[in-house]
Amino acid sequence: MSNTNQGKVVLVTGASSGIGEAVTRALAAAGHRVVIGARRTERLQALTLELREQGLRVSARALDVTRLEDMQQFVAFAEATYGPVDVIVNNAGVMPLSPLNALKVDEWNRMIDVNVRGVLHGIAAVLPGVEARGKGQVVNVSSIGGHAVSPTAAVYCATKYAVRAISDGLRQETDRIRVTVISPGVVESELADSITDDSARDAMKAFRRIAIQPEAIARAVAYAIDQPDDVDVSEVIVRPTASPY
Ligand code: NDP
């Protein structure tokens, strides 16, 4: 990552922990102006303060990606703070895994709301602006679960397949907006904390034994953003070397 780039205005959703937090740190350190959103605002404020003390440009706003108006206000806040949005990193996601016959319908809906609707809301909020300006980038975080399905992960995987489908559709519909899908393998974060089903939680302990740090994903995001306007890094999988998944 270089400090010599122009410093894009980059939005990061789900920046209060894990991958989003690491992406924020990496992009701010690289000289970008980063606007971060999530529901846990105290975490966003702490991160913002810490990075500003280093002279970096970061601003935070409360954001629930399941609400379109919230996302639109998030984008408006970013534009008022730093100017037109160059990049949105649609990273917010949840993963309350369970077998389908546990009928945790509320959790299925939450995954659809955050992981699919949240990404669509991010796209809807920035697309008019980036289309009008004739350039911009949408970075969507999918998963290895967007490439292969496993037991207890049917709905989660469906949402991550959907992220890839939406991204590829957007990419084909435009010749000037760069669309990037980043698919992490197992990364250390709070993602598995939301699992309420005992069997899924036990299965995940084994599945998540070999993990990489969120900074690995942040480097991939920074790489995709740093490419010239005519180069679209459209899909990247980043997984632990030692992981079979
Ligand atoms: P974390 O649980 O650490 O982070 C998830 C982030 O999403 C949090 O900042 C959380 O913030 C935010 N979030 C959840 N719901 C909402 C909402 N309604 N509105 C706004 N923000 C929300 O997990 P990760 O960092 O691992 O996850 C980041 C992304 O990476 C997800 O899309 C996940 O699916 C994907 N991924 C992760 C992998 C891993 O192994 N860790 C593997 C493959 C993909 P808050 O609760 O404060 O709102």
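The present account deals with the structure reproduced in this document. (Residues numbered from 1 in each chain as written. Predicted model: local features only at pLDDT ≥ 70, side-chain atom pairs only at ≥ 80, totals over all residues. Heavy atoms only, no water.)

1. Quick look at the overall build of the protein chain
Argument step 1. Helix and strand counts for the protein chain stand at seven helices and seven strands.
Argument step 2. Of the regular secondary structure in the protein chain, the N- to C-terminal order runs β-α-β-α-β-α-β-α-β-α-β-α-α-β.
Argument step 3. Relative to the compact-globule value of 18 Å for 245 residues, the protein chain shows a C-alpha radius of gyration of 17 Å, a close match.
Argument step 4. Dimensions of the protein chain along its principal axes, counting C-alpha atoms only, are 50 × 40 × 35 Å.
Argument step 5. Per-residue burial for the protein chain yields a buried fraction of 52% across its 245 residues.
Argument step 6. Intrachain contacts of the protein chain at a sequence separation of at least 6 include 71% that bridge at least 24 residues.
Argument step 7. Approximately 11100 Å² of the protein chain is accessible, and the part contributed by carbon and sulfur atoms is 51%.
Argument step 8. Side chains of the protein chain give 26 positive and 28 negative charges; the mean places of these two sets differ by 2 Å. (Helix = DSSP H or I, 4+ residues; strand = E, 2+ residues; numbered from the N terminus. Rg over C-alpha atoms; globule rule 2.2 N^0.38 Å. Buried < 20%, exposed > 50% of the residue type's maximum accessible area, 1.4 Å probe, protein only. Contact = heavy atoms within 4.5 Å. Areas by Shrake-Rupley, 256 points an atom, 1.4 Å probe, with all protein chains shown as cover. Lys, Arg positive; Asp, Glu negative; His and termini not counted. Charge placed at Lys NZ, Arg CZ, Asp CG, Glu CD.)

2. Structural notes on the site of the ligand
Argument step 1. Near the ligand, the surroundings consist of 31 residues, among which Ser16, Ile19, Arg39, Tyr156 and Ser189 are the closest.
Argument step 2. Measuring from an oxygen atom of the ligand, one finds a backbone N or O atom of Gly93 at 3.4 Å.
Argument step 3. Glu190 is positioned with one of its backbone polar atoms (N or O) 3.2 Å from an oxygen atom of the ligand.
Argument step 4. When the free accessible area of the ligand is taken as 880 Å², the share hidden by the protein chains comes to 96%.
Argument step 5. When each cavity is represented as a set of grid points, the ligand is found to reside in the largest pocket.
Argument step 6. Among the secondary structure elements, those contributing two or more residues to the shell around the ligand are helix 1 (18-29) and helix 5 (154-173). (Near = heavy atom within 4 Å. Polar contact = N/O pair within 3.5 Å; in protein donor to acceptor, adjacent residues only side chain to side chain. 1 Å grid on protein atoms, 1.4 Å probe; cavity = no way out; pocket = protein on both sides within 12 Å on 5 of 7 lines; lining within 4 Å. Sits in = over half its atoms within 2 Å of the grid points.)

3. Structural notes on empty space enclosed by the protein
Take a probe with the size of a water molecule and roll it over the atoms, and the empty space left behind shows itself.
Argument step 1. Applying the stated criterion across every chain, the model contains one cavity of 30 Å³ or more.
Argument step 2. Space inside the largest cavity adds up to approximately 30 Å³.
Argument step 3. As for the largest cavity, its lining consists of Pro96, Leu97, Ser98, Trp108, Met111, Thr152, Ala153, Ala154, Val155 and Tyr156.
Argument step 4. Contributing elements (two or more residues each) for the lining of the largest cavity: helix 4 (105-133) and helix 5. (Points joined across faces, edges and corners; volume = space filled by probe spheres on them.)

4. Some thoughts on the side chain of His32
Argument step 1. Turning to its location among the elements, His32 is positioned in the loop between helix 1 and strand 2 (33-38).
Argument step 2. Residue His32 is classed as buried on the basis of its relative accessible area of 2%.
Argument step 3. Engagement of the side chain of His32 in a polar contact is seen with the backbone nitrogen of Lys8, the distance being 2.9 Å.

5. So, the nonpolar core
Argument step 1. Formed by 36 residues in total, the largest nonpolar core has its most connected members in Val12, Leu27, Ile36, Val89 and Val221.
Argument step 2. Per-element accounting of this core gives the leading share, eight residues, to helix 7 (residues 214-226).
Argument step 3. Sequence-distant contacts of Ile36, that is, excluding residues within four places in its chain, are made with Val12, Ala15, Thr24, Leu44, Leu47, Thr48, Val58, Ser59, Ala60, Arg61 and Phe74.
Argument step 4. Grouped together as the second largest cluster of nonpolar side chains are 35 residues, Val35, Ala92, Trp108 and Val155 included. (Core = buried A, V, L, I, M, F, W, Y, C linked by side-chain atoms within 4.5 Å.)

6. Overview of the packing of helix 1 against helix 2 (residues 41-53)
Argument step 1. Put simply, helix 1 and helix 2 touch, their axes get as near as 11 Å, and they point 20 degrees apart. Between helix 1 and helix 2, the angle is such that the two are roughly parallel. Here the hand of the crossing between helix 1 and helix 2 comes out right-handed. Where helix 1 abuts helix 2, its residues Glu21, Thr24, Arg25 and Ala28 lie against Leu47, Glu50 and Leu51.
Argument step 2. Its residues assigned to classes, the contact of helix 1 with helix 2 comprises three nonpolar, one polar and three charged. (Axes fitted to C-alpha atoms, helices over the stretch in contact; angles between N-to-C directions. Parallel < 35°, antiparallel > 145°, perpendicular 65-115°, else oblique. Left-handed = near helix turned anticlockwise from the far one by under 90°. Nonpolar A, V, L, I, M, F, W, Y, C, P; charged D, E, K, R; others polar.)

7. Some details on helix 7
Argument step 1. With 13 residues, helix 7 extends 19 Å from end C-alpha to end C-alpha; this agrees with the ideal 18 Å at 1.5 Å per step.
Argument step 2. Taken residue by residue, helix 7 has Pro214, Ala216, Ile217, Ala218, Ala220, Val221, Ala222, Ala224 and Ile225 as its buried positions. (Expected span 1.5 Å × (residues − 1).)

8. Description of the layout of surface pockets
Argument step 1. Looking at the largest pocket, its volume works out to about 1100 Å³.
Argument step 2. Contributing to the lining of the largest pocket are 49 residues, with Gly93, Val94, Met95, Tyr156 and Leu191 lying nearest its centre.
Argument step 3. Sorting the residues of the lining of the largest pocket by element identifies helix 1, strand 2, helix 4, helix 5 and helix 6 (198-207) as the ones contributing at least two each.

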